[in-house]
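A closer look at the structure
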Amino acid sequence: MRNTRSFIVGFAITILFATGCQSQSVKTARDGASTSGELVTTGAMSSKRASHTATLLDNGMVLVAGGFVGDGDGLSSAELFNPAGGSFANAGEMRTGRSSHTATRLPNGKVLIAGGYNGDYLATAEIYEPETNRFVPAGAMTEPRSGHIAVPLSDGRILIAGGVGTGWTFLKTAEIYNPRTNAFTKTSPMSVPRESHTATVLADGRVLVVGGHTGRRTAITLYSSAELYDPGSRTFTLVGSMTIRRHKHEAVALRDGRVLIVGGSDERDGDGAYNNAEIYDPRVKVFTAVRGKMTTARYKLQGTAILLNSGKVLVAGGADRAEVFDPATNLFTPVGGDLKTKRLFATATLLKDGQVLIAGGYGEGVTVSGGAWVYRG
């Protein structure tokens, strides 16, 4: 049986098209409520997907890879979204089917795809080469993991941490991928095992890891704790706690260096989904609750909060509608249009023109979608 986090990597992908929108505008819906931008449908993916990845390439296209459909063991197919035509085209096959994996753009423009689940927990990794449109082998991770985090460090290396391993083992281990050697090496572990956590690169190059859980069902333990990874010392250090325990939430760095943390849930998953948010200030190492509430409760939304060119944040996943957070007012404003279902474990990708693509994910009953939407500010 697939673990809960195995669904998470899939999330709504919001694609912003170049349609003359130069800045985010506030409009009025038919019911008189203010809205911030709108969602419009675009071409559907060739395959339905959730727990997939979506990565912006240097050429402006978006690589969508893997995921699952229903009870499938992990898709190997990949496709490319072309913002110019608003359509998806085949991008070949990964060497291994996988969901709940990670995909990280490297300094040379290639994409590292690591780990995941396909009936087995995977240590394998591969690299997508845009110039040849093919996937080639990469070195294996130090251990199998699914539902982990992967973030680029300032020197081009990739930090990978946590997740779930063979035998549904919750991991606190971490490792580093070096693109110069195409190899993974262990680094110091986190303070606790974490799945359904987030990782955000701060302005000083350190990485803030927040929340998550260990265990499952009646044995689950949720965290409010946070820790910082220092690439220089290669160690994690505890750095205080959030205002509440969260897992299956989302975090994004704001323009001023603070980190916005939104949504997630308690042990009840959907029945305990949050409509609140908080902000971490690295200058004082303190989490503070945001005054404004989201317009709807959201969970299973990792990777779907996008910092827009305006400095505001689009929150696109975990619900059937999107909204925008304004750091200047600490308020959330709904986006016009809807996503039809909750868009759990979907993806969101900021395009080069400043718009956002939202794609895939699933709704009630784990009904997986191939739909895609464009957010226009």
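Residues numbered from 1 in each chain as written. Predicted model: local features only at pLDDT ≥ 70, side-chain atom pairs only at ≥ 80, totals over all residues. Heavy atoms only, no water.

Considering the overall build of the protein
Looking only at helices and strands, the protein has 0 helices and 35 strands in total. For 377 residues, the compact-globule estimate of 2.2 N^0.38 gives 21 Å, and the C-alpha radius of gyration of the protein, at 19 Å, lies within 12% of that figure. C-alpha extents for the protein along the principal axes are approximately 55 × 45 × 40 Å. Evaluated residue by residue, the protein yields a buried proportion of 59% over its 377 residues. The long-range share in the protein, meaning contacts at least 24 apart out of those at least 6 apart in sequence, stands at 55%. Taking the average place of the 40 positive charges on the side chains of the protein and the average place of its 32 negative ones, the gap between the two points comes to 1 Å. (Helix = DSSP H or I, 4+ residues; strand = E, 2+ residues; numbered from the N terminus. Rg over C-alpha atoms; globule rule 2.2 N^0.38 Å. Buried < 20%, exposed > 50% of the residue type's maximum accessible area, 1.4 Å probe, protein only. Contact = heavy atoms within 4.5 Å. Lys, Arg positive; Asp, Glu negative; His and termini not counted. Charge placed at Lys NZ, Arg CZ, Asp CG, Glu CD.)

Comments concerning the pattern of salt bridges
Applying the stated rule across the entire model yields 21 salt bridges. For Asp-155, the salt bridge is made with Arg-157, and the minimal N-O distance between the two is 2.7 Å. Salt-bridge contacts for Asp-256 lead to Arg-258; the nearest nitrogen and oxygen are separated by 2.8 Å. We classify Arg-258 as buried; its relative accessible area is 17%. It is possible to trace a salt-bridge network through shared partners that takes in Lys-110, Glu-129, Glu-131 and Arg-134. (Salt bridge = Lys/Arg side-chain N within 4 Å of Asp/Glu carboxyl O.)

Section: the pairing of strand 26 (residues 259-262)
As a general feature of sheets, a regular strand has side chains that alternate between the two faces. Burial along strand 26 is two-sided: the face carrying Val-259 and Ile-261 and the face carrying Leu-260 and Val-262 are both buried. Bridge count for strand 25 (residues 250-253) against strand 26 is 4 bridges, and the pairing is antiparallel. What sits directly across from Glu-250, in strand 26, is Val-262. In textbook terms, the turn of a hairpin is the stretch between consecutive antiparallel strands, and for strand 25 and strand 26 this stretch comprises 5 residues, one of which, Gly-257, has a positive phi near 100 degrees. As paired strands, strand 26 and strand 27 (residues 277-281) are joined by 4 bridges and run antiparallel to one another. Each bridged residue has a counterpart across the sheet, and for Leu-260 the counterpart in strand 27 is Ile-279. (Pairing = 2+ DSSP bridges.)

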